[in-house]
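Letter by letter, the chains look like this.
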Amino acid sequence: ATVVADAAAIDNARIQVGYTSIRAPIDGLAGIRQVDVGNLVQGGQTNGIVVLTQVHPINVVFTLPEQNLDLVRGVDGTPLDVVALDRTDNHEVAHGTLSVIDNQIDTTTGTFKLKAEFANDDNALWPGQFVNIRLQVRTVANATTVPAQAVQRGPEGSYVYVVQDDSTVAMQAVKPGADAGSGKIMITEGLKAGQRVVTEGQFNLKPGAKVLALAPGETPPPPPMTQSAAGDQPATGGQRRRGGGGGGG
C-alpha cells in the first residue's frame, strides 16, 4: 500500500509540473502577447496569455441574397470553387472551395451565410482581412459575353449600342445573364458572338451616329490638318467613340 501511494504521489507531482509548461492547443500564428515576464498568470484568466489564429487552412464567411439559395444548393454534390478577390474586386488573392451553407436565412437582411475554406499555403489571406468572394455555380459553354459597362438600362429594359458595318451605331435590346467574371457579363438574348458594342461614351450617342471603333486601350489617330491652318495649329476633329467586341466565353 505504501508503494502504491508513493506511485500515486509521483504521478500527481508529474501532473503538477506539467502545469508549469504552457503548450499551444493548435498550430497557428501568435499575436501580440497579453502578459510580460514577471506577471502572474492563472488558469481561466479573461485576457489569456496570447491569441493564436489558425491560418492553414483559413475560412472566409460571407453572405448571399436568399434568391441565390437554390442556385447554390442545386449542384451535384461537387464542392463549388470559390475565388477570393481583393477590396477593389480586381485581383485574385486565393482559391478555395465552399464548405458550409448555413441552415437558416436571416429574416432581417434576407441573406444566408456561407463558409469557404482556403488552404492558404502562401499566407495570402490574413485573419480579419476584407475580401470579395466569387462563387462559381455553373459553367456555360459558348456563351456570348460583353464588358459590363457596355450594357445600358433604359425605360424599356437593358440595351447596348452595336457598331454596324458602316460605322454607325444602333440600339439593340439585350437580356443580361450572370456575371462572367473579369468585368464581363453574359448576354442570353439579343447579341451574337463577334458583334461589336460600344463601351465608352454611350451618353453622347443616338441611333445612326457615326463612330470610330477602337479596341480597348487603342489610341485614336490625330485629327487631320486643314488647308488654311497656320503653323502647327491642328484642325478641330470630330468626337470619337470607343467600341468593344462581344465574344464567346
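Preceding block: the structure.
In this text the structure is predicted, and so the values were computed from the model without any measurement.

K.L.:
Can you lay out the side chain of T111 for me, pointing to particular residues and giving the numbers?
P.N.:
Secondary-structure assignment places T111 in strand β6 (residues 111-118). A relative accessible area of 19% means that T111 is categorised as buried. At a separation of 2.7 Å, a polar atom in the side chain of T111 contacts the side chain of T109. Leaving out residues up to four positions away in the same chain, T111 has contacts with T63, L64, P65, E66, I105 and D106.

K.L.:
Pulling in residues and values, what's your account of the packing of aromatic side chains?
P.N.:
Throughout the structure, instances matching the rule amount to one aromatic pair. A ring pair is formed by Y159 and Y161, whose centres lie 5.9 Å apart and whose planes are at 85°; its orientation type is edge-to-face. Residue Y159 shares its accessibility class with Y161, and that shared class is buried.

K.L.:
Explain the nonpolar core to me, and be specific about the residues and the numbers.
P.N.:
Soluble, globular proteins show a tendency: their nonpolar side chains are buried together. If you look at the biggest cluster of nonpolar residues, it comprises 19 residues, and the most contacted ones within it are L64, V72, L98, L114, F118, L125 and L135. Counting only elements with at least two residues in this core, the list comes to β3 (58-65), α2 (69-73), β4 (81-85), β5 (92-101) and β6. Non-local contacts of L135, meaning those with residues more than four positions away in its chain, are made with L64, V72, L80, D81, V82, L98 and L114. In terms of nonpolar packing, the next biggest core, distinct from the first, is built from ten residues, V146, V160, I185 and V197 among them.

K.L.:
Give me the lowdown on unusual backbone geometry, citing residues and values where you can.
P.N.:
P57 follows H56 through a cis peptide bond whose omega is 0°. Turning to its location among the elements, P57 is positioned in the loop between β2 (52-53) and β3. Phi is positive for N123, close to 60°, though the residue is something other than glycine. Along the chain, the position of N123 falls in the loop between β6 and β7 (132-136).

K.L.:
So what about the environment of L29? Which residues, and what values?
P.N.:
Examined against the element boundaries, L29 turns out to sit in strand β1 (residues 29-30). Here the alpha-carbon distance between L29 and P127, two residues 98 residues apart in the chain, equals 9.8 Å. If we skip the residues at most four places from it in the chain, L29 touches V51, L52, T53, V55 and W126.

K.L.:
Run through the sheet that holds β3, naming residues and quoting values.
P.N.:
Each strand in a sheet pairs with its neighbour through backbone hydrogen bonds, running either in the same direction (parallel) or in the opposite one (antiparallel). One open sheet holds the five strands; their spatial order is β3-β6-β5-β4-β7, and the pairing between them is antiparallel. Edge positions in the sheet fall to β3 and β7, since each has one partner strand and no second. The sheet shows a mean angle of 40° between the axes of neighbouring strands, direction not considered. Taken together, the five bridges between β5 and β6 define a ladder with antiparallel strand orientation. Its bridge partner lying in β6, T97 is registered against E117.

Definitions and limits used
- Residues numbered from 1 in each chain as written.
- Predicted model: local features only at pLDDT ≥ 70, side-chain atom pairs only at ≥ 80, totals over all residues.
- Heavy atoms only, no water.
- Helix = DSSP H or I, 4+ residues; strand = E, 2+ residues; numbered from the N terminus.
- Buried < 20%, exposed > 50% of the residue type's maximum accessible area, 1.4 Å probe, protein only.
- Polar contact = N/O pair within 3.5 Å; in protein donor to acceptor, adjacent residues only side chain to side chain.
- Contact = heavy atoms within 4.5 Å.
- Phe/Tyr/Trp six-rings, centres within 6.5 Å; stacked < 30°, edge-to-face > 60°.
- Core = buried A, V, L, I, M, F, W, Y, C linked by side-chain atoms within 4.5 Å.
- Pairing = 2+ DSSP bridges.
- Axes fitted to C-alpha atoms, helices over the stretch in contact; angles between N-to-C directions.

Remember that the coordinates give geometry; whether it matters functionally is a separate question.
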